[in-house]
Amino acid sequence: MSKTRNTLGLAVAQMGPVHLADTRRQVVGRLLDMLRQAHARGARLVVFPELALTTFFPRYWMSEDQAQQRFFERSMPNPEVQPLFDEARRLGVGFYLGYAELTAQGVPYNTAILVDEQARIVGKYRKIHLPGHDEHKPDAPFQHLEKKFFRVGDQPFGVWDTMGARIGMCLCNDRRWPETWRMMSLQSAELVVLGYNTPSHNIHWPEPAHLRMHHHLITLQASAYQNCVWAAAAAKCGAEDGHHMIGGSVIVAPTGEIAAQAITEDDEVLVVQADLGVAEAFRRHVFDFARHRRPEHYGLITERVGPGPALPRTE
Ligand code: CDT
């Protein structure tokens, strides 16, 4: 007897560079093309990158006001992004989209939304792990000013039941932190979606360039396996006005295996029919959290931020 498989048509829409001179209208045109391609290949959910509507502006020194005037969205959908919502509803495809959000109270966040097949915003996530710095580094080849331009997200990692799956969201640097994934797998996430902009060069120390891709993939693969989730990660990549960022968009199975990976540094769509049942054996056995986790021995994880002294021992 054949078992019915619970599959989700899952797409990652990687973006090539968005230059300073590119308009929102041009960018949304590219997103529309990829939404249609993904739909034609059987996708029900399309994952777009972090800060997908603009260049990765935290690389430029400017005032917060200048950044907000040029790169932030005051409402969503707004008239420039509305065509994406309209086409998603017409096709019956949901999506995840990252953008710079300025709230009605004037608070700036690095945000992602989850939009269902009826084009309703069903989930919002505001980035928690903000990398980089807030001061000007005039000697660096570029800046990484996320700590200047964004506030830390105001809500914990969440999950949303939509499009036939329990879906968690995070953004870029969050993927490097085990706590991100565990927060969502403890809420029974089946899929974690994320966008990223990862510069190829580290401005803080001469990190060998190949490690950027290695750390990206090893993190995605280990986290998917250790948390029994599918992971779908969409890059914005290539050289934005000469500033290179890694590609390597991937869909990873709960086995830790890569089910699909981008081969270009341009707009490129990956589609996988993701069998959500694959995780079940892992959840019942090696990672049966309810039976095997020992939170009474994990206290430091929430008590301490940085490393400190050894814990006292009885023997
Ligand atoms: N956008 C973003 O979060 N980028 C960071 C750069 C890290 S620099 C160490 C990332 O984690 O990919």
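Our subject is the structure listed above.
All figures in this text were calculated on a predicted structure; none of them were measured in a lab.

J.: Describe helix 6 (residues 210–227), naming the residues involved and giving the relevant values.
T.: Its 18 residues give helix 6 an end-to-end C-alpha distance of 26 Å, which sits within 8% of 26 Å, the value for a rise of 1.5 Å per residue. Those residues of helix 6 not exposed but buried are Leu-211, Arg-212, His-216, Leu-217, Thr-219, Leu-220, Ser-223, Ala-224 and Asn-227.

J.: Give a detailed account of the pairing of strand 9 (residues 230–235), specifying residues and quantitative values.
T.: When a strand is regular, its side chains alternate between the sheet's two faces. Within strand 9, six of the six residues are buried, which leaves it mostly tucked inside the rest of the structure. Across six bridges, the pairing between strand 8 (residues 191–196) and strand 9 is parallel. Its bridge partner being in strand 9, Gly-195 is matched across the sheet by Ala-234. As a crossover connection, the stretch from strand 8 through helix 6 into strand 9 is right-handed. Sheet analysis places strand 9 next to strand 12 (residues 250–252), joined by three bridges and oriented antiparallel. What sits directly across from Ala-231, in strand 12, is Val-252.

J.: How would you explain the site of the ligand if you had to name every residue and give the values?
T.: For the ligand, the set of nearby residues contains 13 residues, the closest of which are Lys-127, Cys-172, Asn-173, Arg-176 and Thr-198. Interatomic distance of 2.8 Å between a side-chain N/O atom of Lys-127 and an oxygen atom of the ligand. In the environment of the ligand, an oxygen atom lies 3.4 Å from a nitrogen or oxygen atom belonging to the side chain of Arg-175. When the ligand is considered free in solution it has 360 Å² of accessible area, and contact with the protein chains removes 87% of it. Partitioning the shell around the ligand into residue classes produces three nonpolar, four polar and six charged.

J.: Describe in detail the sheet that holds strand 1 (residues 7–14), supporting the description with residues and values.
T.: Adjacent strands of a sheet pair through backbone hydrogen bonds, lying either parallel or antiparallel. If you walk across this open sheet you meet the six strands as 5-4-3-2-1-14, and the pairing is mixed. Whereas interior strands pair on both sides, the edge strands pair on one side only; in this sheet they are strand 5 (121–126) and strand 14 (268–275). If you compare each strand with its neighbour and ignore which way they point, the axes differ by 25° on average. Pairing analysis gives three bridges linking strand 2 (residues 45–47) to strand 3 (residues 94–102), with the strands arranged parallel. Note that in strand 3 the partner of Val-47 across the bridge is Tyr-96. Along the sheet, helix 1 (residues 24–40) makes contact with strand 1, strand 2, strand 3 and strand 14, crossing strand 14 at roughly 35°. Strands strand 3, strand 4 (108–115) and strand 5 of the sheet are contacted by helix 3 (residues 82–91), whose axis makes an angle of about 165° with strand 3.

J.: Hey, could you go over unusual backbone geometry for me, with residue numbers and the actual values?
T.: Here Met-76 and Pro-77 are connected by a cis peptide whose omega angle stands at -5°. Topologically, Pro-77 is positioned in the loop between helix 2 (64–71) and helix 3. Of note in this structure, Cys-228 is not a glycine but carries a positive phi near 55°. Mapping Cys-228 onto the fold places it in the loop between helix 6 and strand 9. Non-glycine residue Asp-241 carries a positive phi angle of around 45°. Assignment of secondary structure puts Asp-241 in the loop between strand 10 (238–240) and strand 11 (243–245).

J.: Give a description of the pattern of salt bridges that names residues and reports values.
T.: Pairing between side chains of opposite charge can happen when the charged atoms of each approach one another. Under the defined criterion, the tally for this structure stands at 21 salt bridges. One salt bridge in this structure joins Asp-116 and Arg-120, with 2.7 Å as the shortest N-O distance. Note on Arg-120: relative accessible area 48%, which makes it partly exposed. The closest approach of N and O atoms between Lys-137 and Glu-135, which form a salt bridge, is 3.0 Å. Given a relative accessible area of 35%, Glu-135 falls into the partly exposed group. Through salt bridges with shared partners, a single ionic network connects Asp-33, Arg-36, Glu-87 and Arg-90.

J.: Could you give an account of the pairing of strand 7 (residues 165–171), naming the residues involved and the relevant values?
T.: With respect to burial, strand 7 is a largely interior element, six of its seven residues being buried. Sheet topology note: the strand 6 (residues 159–162)/strand 7 ladder contains four bridges and is antiparallel. If you follow Thr-162 over to strand 7, its bridge partner there is Ala-165. Joining the antiparallel neighbours strand 6 and strand 7 is a turn of two residues, in which Met-163 adopts a positive phi near 55°.

J.: Can you lay out the packing of helix 5 (residues 178–185) against helix 6 for me, pointing to particular residues and giving the numbers?
T.: Relative orientation of the contacting elements helix 5 and helix 6 amounts to 30°, with a least axis distance of 10 Å. Judged on the interaxial angle alone, helix 6 and helix 5 are roughly parallel. Here helix 5 runs over helix 6; the crossing is right-handed. In contact with Trp-181, Arg-182 and Ser-185 of helix 5, helix 6 contributes Leu-220, Ser-223, Gln-226 and Asn-227. Across the contact of helix 5 with helix 6, the residue classes break down as two nonpolar, four polar and one charged.

J.: So what's going on with helix 2? Which residues, and what values?
T.: Taken as a whole, helix 2 has its buried residues at Ala-67, Gln-68 and Phe-71. Buried residues in helix 2, looked at end-on, bunch into an arc of 105°, giving them a common side. Those residues of helix 2 hidden inside the fold are in contact with helix 1, strand 3, strand 4 and helix 4 (146–149).

Each value, and the rule that gives it
Residues numbered from 1 in each chain as written. Predicted model: local features only at pLDDT ≥ 70, side-chain atom pairs only at ≥ 80, totals over all residues. Heavy atoms only, no water. Helix = DSSP H or I, 4+ residues; strand = E, 2+ residues; numbered from the N terminus. Expected span 1.5 Å × (residues − 1). Buried < 20%, exposed > 50% of the residue type's maximum accessible area, 1.4 Å probe, protein only. Pairing = 2+ DSSP bridges. Right-handed = clockwise from strand over helix to strand, strands pointing away. Near = heavy atom within 4 Å. Polar contact = N/O pair within 3.5 Å; in protein donor to acceptor, adjacent residues only side chain to side chain. Areas by Shrake-Rupley, 256 points an atom, 1.4 Å probe, with all protein chains shown as cover. Nonpolar A, V, L, I, M, F, W, Y, C, P; charged D, E, K, R; others polar. Axes fitted to C-alpha atoms, helices over the stretch in contact; angles between N-to-C directions. Contact = heavy atoms within 4.5 Å. Salt bridge = Lys/Arg side-chain N within 4 Å of Asp/Glu carboxyl O. Parallel < 35°, antiparallel > 145°, perpendicular 65-115°, else oblique. Left-handed = near helix turned anticlockwise from the far one by under 90°. Arc of directions from axis to C-beta.

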